[in-house]
Structure formats: C-alpha cells, structure tokens
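# Chains, contacts and geometry: an overview
The primary structure of each chain is shown beneath.
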Amino acid sequence: MSTPDISFEFFPPQSLEASFRLWDTVQTLAPLDPRFVSVTYGAGGTTRDLTRDAVATLHKNSGLSVAAHLTCVNATRDETLIIAHDYAEAGVTDIVALRGDPPKGAGPFRAHPEGFASSVELIAALADMGKFNIRVGAYPDLHPEAKDAQNDIDWLKAKIDAGATEALTQFFFDAETFFRFRDACEKAGIDAPITPGILPIENWSGVQNFAKRCGAHVPDWLINAFEKATRDGREDLLATAVCTELCSNLIDGGVDKLHFYTLNRPELTRDVCFALGIVPQVDLQNVA
Ligand code: FAD
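Summary of the structure given here.

### Digging into the environment of I251
With respect to the helices, strands and loops of the structure, I251 is situated in helix α9 (residues 235–252). Sequence-wise, I251 and A175 are 76 residues apart; in three dimensions their C-alpha atoms are separated by 9.5 Å.

### Quick notes on empty space enclosed by the protein
Using the criterion set out here, one finds 2 cavities of 30 Å³ or more in the structure. Estimated volume of the largest cavity: approximately 60 Å³. Around the largest cavity, the lining residues are F172, F173, I198, L199, I201, A239, V242, C243 and L246. The biggest single contributor to the lining of the largest cavity is α9, with 4 residues. Broken down by class, the residue content of the lining of the largest cavity amounts to 9 nonpolar, no polar and no charged. Here the second largest cavity is characterised by a volume of approximately 30 Å³. Residue lining of the second largest cavity: Y139, P140, D141, L142, Q170, F171, C214, G215 and A216, and that is the complete set.

### Quick look at the pairing of strand β8 (residues 257–261)
Residues in a regular strand point their side chains to alternate faces of the sheet. β8 sits mainly inside the fold: 5 of its 5 residues count as buried. Relative to β8, strand β1 (residues 5–10) runs parallel, the two sharing 5 bridges. Across the sheet, residue D5 finds its bridge partner in β8, namely K257. In this sheet, β8 lies alongside strand β7 (residues 194–198) in parallel orientation, the contact comprising 2 bridges. Looking at β8, one finds that G197 is bridged to H259.

### Topic: the side chain of T25
The topology assignment puts T25 in helix α1 (residues 16–29). Of the residues examined, T25 reaches a relative accessible area of 0% and is grouped as buried. Apart from the residues lying within four places of it in its own chain, the contact partners of T25 are F10, T262, N264, R265 and P266.

### Let's talk about the pattern of salt bridges
One pass over the full model with this rule turns up 12 salt bridges. Here D101 ties to R99 by a salt bridge, and the two come within 3.5 Å at their closest N and O atoms. The shortest N-O distance in the salt bridge between K257 and D256 comes to 3.6 Å. Bridged by salt links that share partners, the residues R35, D94, R135 and E166 form one connected network.

### Here we look at the sheet that holds β7
Read around the closed barrel, 8 strands run β1-β2-β3-β4-β5-β6-β7-β8, paired in parallel fashion. The mean angle between the axes of side-by-side strands here comes to 30°, regardless of whether they run parallel or antiparallel. Sheet strands in contact with helix α2 (residues 48–61) are β1, β2 (36–39) and β3 (66–71), and its direction is about 165° off that of β3. On the sheet, helix α4 (residues 119–129) packs against β3, β4 (94–98) and β5 (133–138) and is oriented at approximately 155° with respect to β4.

### Digging into the site of the ligand
Near the ligand lie 21 residues; those nearest to it are Y41, S119, Y139, D152 and K159. A distance of 2.6 Å separates an oxygen atom of the ligand from a polar atom in the side chain of K159. Burial of the ligand by the protein amounts to 85% of the accessible area it has alone, namely 960 Å². Those elements that provide at least two residues to the shell around the ligand are β3, α5 (149–161) and β6 (166–171). In terms of residue count, α5 provides more of the shell around the ligand than any other element does, 4 residues in total. Each residue belonging to the shell around the ligand can be placed in one class, and the counts come to 8 nonpolar, 9 polar and 4 charged.

### Considering the environment of E202
With respect to the helices and strands, the residue E202 is situated in the loop between β7 and α7 (204–214). Judged by relative accessible area, E202 falls into the partly exposed class, the value being 33%. Distance from E202 to G233, taken between C-alpha atoms, is 14 Å for residues 31 residues apart in sequence. If we skip the residues at most four places from it in the chain, E202 touches R265 and L268.

What counts as what
- Residues numbered from 1 in each chain as written.
- Predicted model: local features only at pLDDT ≥ 70, side-chain atom pairs only at ≥ 80, totals over all residues.
- Heavy atoms only, no water.
- Helix = DSSP H or I, 4+ residues; strand = E, 2+ residues; numbered from the N terminus.
- 1 Å grid on protein atoms, 1.4 Å probe; cavity = no way out; pocket = protein on both sides within 12 Å on 5 of 7 lines; lining within 4 Å.
- Points joined across faces, edges and corners; volume = space filled by probe spheres on them.
- Nonpolar A, V, L, I, M, F, W, Y, C, P; charged D, E, K, R; others polar.
- Buried < 20%, exposed > 50% of the residue type's maximum accessible area, 1.4 Å probe, protein only.
- Pairing = 2+ DSSP bridges.
- Contact = heavy atoms within 4.5 Å.
- Salt bridge = Lys/Arg side-chain N within 4 Å of Asp/Glu carboxyl O.
- Axes fitted to C-alpha atoms, helices over the stretch in contact; angles between N-to-C directions.
- Near = heavy atom within 4 Å.
- Polar contact = N/O pair within 3.5 Å; in protein donor to acceptor, adjacent residues only side chain to side chain.
- Areas by Shrake-Rupley, 256 points an atom, 1.4 Å probe, with all protein chains shown as cover.

Okay, structure coming up:
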C-alpha cells in the first residue's frame, strides 16, 4: 500500500492552556511531514483575531505550510479582504475559502449587507488577488442545505470554476460514500483534486452530535460497534481501528491525499498515520 500525502486541521486556541495543547499537537504531528496544516475560523467569524494570530504564529515558527480558513459570515467585503491582504503580506499563500455558518442558534446563513453573498463570490475575489492557493469545502453526504446531490455538485463545480484548486471534504464514515461522490464530481467535469476529510473519533457522543448538525451519515454498523466498545471500555481501540480501515479502503480505491480533523488532539491521528505506514521523517544529520 503506498502512503498518502497528509494534512492536518487545527482550531485556534482560546486560552493559554489551549495554546500549549495546540503547540503540543503541532510538535507531535509535524514530524509526519504534512503537505500543509490549516486553522479554522470560528462559526460566525467568532475567532477572527485568534485565527489570524494562530496562522501567523504557526507560519513563523512551525516551518509548516499553513492554510488559513476564511468565511463570509458577519463581515463586509472590505473587512474580509483586509484579512486576506494581511495573510498575503505575511507570506501565507493558502486559504480555505468558505461561506461559513452563523453562530449556533442564529438561524440560517444571511449575508452581511456589504459582505460576500456566497462562497463563490469570496473565492472569485481571492482568486482576483492572484496570491493564493484556494481550497474549498465539499460534502460527500450532501450539505444539509443542498436541494439535491446534483445541485451540490454543480455548486462545487462553480467554486472550482471561480478559482479554487482543491476541495477538502466534510467527514464521512464509509469509503463508498466518498467514491460515489468522487465519481459524480468527475462526471460533472470537476478536475480539481477532491481530498477526503477524516475525523478520528475522539469522543463518540460529540461526533454523533456534530454529524447531525453537518449532515454526515452515521451508519448503523458504527453505532452498534461503539455501543459494544463503550460497554467493554475499548472505545480508543475501536476508534483507531475504524479510522485506519476507512483510510486504508480509501487508499486502496486510489486516494493519495488525506486531510485529518485533529481537534487539536494528536494521538489518534498519529496512531492512524503510523498504522498506514506514515512515519516520522527524521533528519539523518540530527541522528548522527
Ligand atoms: P457552500 O459550498 O457555498 O454552500 C454549502 C451548500 O449549500 C452547497 O454545497 C450547496 O448545496 C448549497 N448552496 C449554497 N449556496 C448555493 C447557491 N447560491 N446555489 C446553489 N446551492 C447553494 N465553518 C466555519 O465557520 N469555519 C471553518 O473554519 C470551517 N471550516 C471548514 C472546512 C471544511 C473542509 C469543510 C468541509 C467545512 C468547514 N466549515 C467551516 C463548515 C462550513 O462553513 C459549512 O458547512 C457551511 O454551511 C458551508 O460552507 P461552504 O463554503 O462549504 O458552503
């Protein structure tokens, strides 16, 4: 089995303790030589400054390629583009461009009167700047707001046509779900890479809630397996096995890139990577 290129998603820390945890996560995962790491932007734009700080700090100190998430929520076009200009000035060349979600309980997305009305508008504006490698979100299990599967794929094509070069997917639990989606994208003429988003299950009840909110299907076999593992106190073992099997099925089906949602907890992601044969890249000069 060939080893895939990997990337890791982090969220920006909101406390000193969380900052240490993020740095520990980076130190643990960086030796696995990720293609890039990304930093999320809180729902409703709530972590605008924290995201900016975390991106700048990682860009300056980690030696990794850092992608900044950016959304359209709760900001004017100018405010959003100033953030992008700041990234360009700091040498950050990668952006994950999203429409975004409003804060919890605030109802459906409503564009700011002077803001970007959709992800496509944001992507087009960023592409116009000519300074970024732009990635976007994609939804193998359908986005909850999609009219139907074709609409979802047509919209993804519009995002790629507007200037995005890669799609990172929402998490899913069956490799077949991804393969069906990849085939449909290919049929629709989408030629940009579609990279599966992988969520190692650190916290089973949290993942179930999260899946409900974002439209990811949780299969019965997984529910049954976790019920049994919880009774036996073997959730960690199951989480590693389930995630490794999903990744290995994806690789067998031709996938050569994986994007891990780490939730700033490195152990499970690291163990899965090890199981897939992705091992630390040791600098021989340092060993000698
Ligand atoms: P879009 O793709 O623009 O829209 C979502 C779906 O709605 C589309 O798939 C399509 O079916 C439908 N749709 C929307 N507009 C139209 C239209 N005009 N015409 C037709 N159909 C339309 N959220 C955050 O707040 N911060 C983050 O950092 C963040 N990071 C993410 C990273 C990844 C890899 C992914 C997959 C999601 C992330 N999200 C994040 C969540 C994301 O913001 C939500 O899923 C949001 O609801 C959709 O954003 P989007 O850019 O994917 O939307």
